[in-house]
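Descriptive analysis of the structure
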Amino acid sequence: HSVLIMVMAMIYVPVSTATPASAADEYDGLIAKWTANFTGGTGIDTSDPGVVVNITNTTKNAQNYWNDLIKTADRTYLFADLSTQYPNQHITDTYMRIKAMAVAYATEGSSLYQDAALLSDIMSALEWLNVNWYNDTTAYGTQSSDNNWFVWEIGAPWQLEDTMALLYSHLTADQMDRYNRAIEH
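Residues numbered from 1 in each chain as written. Predicted model: local features only at pLDDT ≥ 70, side-chain atom pairs only at ≥ 80, totals over all residues. Heavy atoms only, no water.

Focus on the overall build of the protein chain
- Helix and strand content of the protein chain: seven helices and zero strands.
- Seen in sequence order, the protein chain has helices and strands lined up from the N terminus as α-α-α-α-α-α-α.
- The burial tally for the protein chain puts 45% of its 185 residues in the buried class.
- Within the protein chain, contacts between residues at least 6 apart in sequence are counted, and of these 65% link residues at least 24 apart. (Helix = DSSP H or I, 4+ residues; strand = E, 2+ residues; numbered from the N terminus. Buried < 20%, exposed > 50% of the residue type's maximum accessible area, 1.4 Å probe, protein only. Contact = heavy atoms within 4.5 Å.)

Some words on the environment of Leu126
- By the secondary structure assignment, Leu126 is in helix H5 (residues 116-132).
- Leu126 sits in the buried class, given a relative accessible area of 1%.
- Distance from Leu126 to Ile98, taken between C-alpha atoms, is 7.8 Å for residues 28 residues apart in sequence.
- Ignoring sequence-local partners within four residues, the contact set of Leu126 consists of Tyr95, Ile98, Leu160, Thr163, Leu167 and Tyr179.

Some words on the environment of Asp93
- Locating Asp93 in the fold gives a position in helix H4 (residues 91-106).
- Here the alpha-carbon distance between Asp93 and Phe79, two residues 14 residues apart in the chain, equals 9.8 Å.

Focus: unusual backbone geometry
- One non-glycine residue, Gln114, lies in positive phi territory at about 55°.
- For Gln114, the location among the structural elements is in the loop between H4 and H5.

A closer look at the confidence of the model for the protein chain
- Confidence along the protein chain averages 85 in pLDDT terms, with 81% of residues attaining 70 or more.
- Contacts from residues 1-21, a stretch scored under 50 in pLDDT, to residues over four places away or in other chains number 42 contacts. (pLDDT = per-residue confidence, 0-100.)

Points about the layout of surface pockets
- Space inside the largest pocket adds up to approximately 590 Å³.
- Surrounding the largest pocket, 25 residues form its lining, Ile31, Thr35, Ala165, Leu166 and Ser169 being those nearest its centre.
- Mapped onto the lining of the largest pocket, the elements with two or more residues apiece are helix H2 (26-39), H4, helix H6 (149-166) and helix H7 (173-184).
- The leading source of residues in the lining of the largest pocket is H2, at five residues.
- Here the residues of the lining of the largest pocket are counted per class, giving twelve nonpolar, eleven polar and two charged.
- Counted as a void, the second largest pocket has a volume near 240 Å³. (1 Å grid on protein atoms, 1.4 Å probe; cavity = no way out; pocket = protein on both sides within 12 Å on 5 of 7 lines; lining within 4 Å. Points joined across faces, edges and corners; volume = space filled by probe spheres on them. Nonpolar A, V, L, I, M, F, W, Y, C, P; charged D, E, K, R; others polar.)

Quick look at the pattern of salt bridges
- Scanning the model with the defined rule gives six salt bridges in all.
- Residues Arg181 and Asp136 are paired through a salt bridge, measuring 2.9 Å at the closest nitrogen-oxygen approach. Separated by 45 residues along the polypeptide, Arg181 in helix H7 and Asp136 in the loop between H5 and H6 bring together distant segments of the chain.
- Since its relative accessible area comes to 33%, Arg181 is described here as partly exposed.
- What makes Asp136 partly exposed here is its relative accessible area of 30%.
- One salt-bridge network, in which partners are shared between bridges, spans Glu127, Asp174 and Arg178. (Salt bridge = Lys/Arg side-chain N within 4 Å of Asp/Glu carboxyl O.)

Describing H6
- Here H6 is 18 residues long and its end C-alpha atoms lie 25 Å apart, about the 26 Å a rise of 1.5 Å per residue gives.
- The buried fraction of H6 amounts to 13 of the 18 residues, a majority that puts the element mostly inside the structure. (Expected span 1.5 Å × (residues − 1).)

Rendered as structure tokens:
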């Protein structure tokens, strides 16, 4: 919670020092404001032509990424065009694609809105990334092609934090803890 809430608070709204509760609380409001930046929020006017274009593009991109997502249990990367032995080269782009799918999942009016199969694949991808590429034991900078601090400390965390906010109600406390430990590492 801490990193996600801190980033959201620094950019958009003041945050209190209260400890987050497991029930609905002020942090739920912060998360709703944050995710509305991507989804348009609840009650979005889907009759507005500009909104329709945005939702259509969001859905199309997410569907393309979902189609390209490797879903097999023995996968060694998530997208064929983002395959490498050095995650640094593609980790931010991989998280960006997962986030794009999460945006479509969370956007009212999208044909992918609250699609259970999409959610399952996103959650599986997040777990794969945490186990294989980005966790609290990741040692970046050990290979010459892997030495880009921006990717590990800003690029990937930013995309992951946004995705965590979009899927907040679906993440377990353990997942939130592990993903935040990866960010803080």
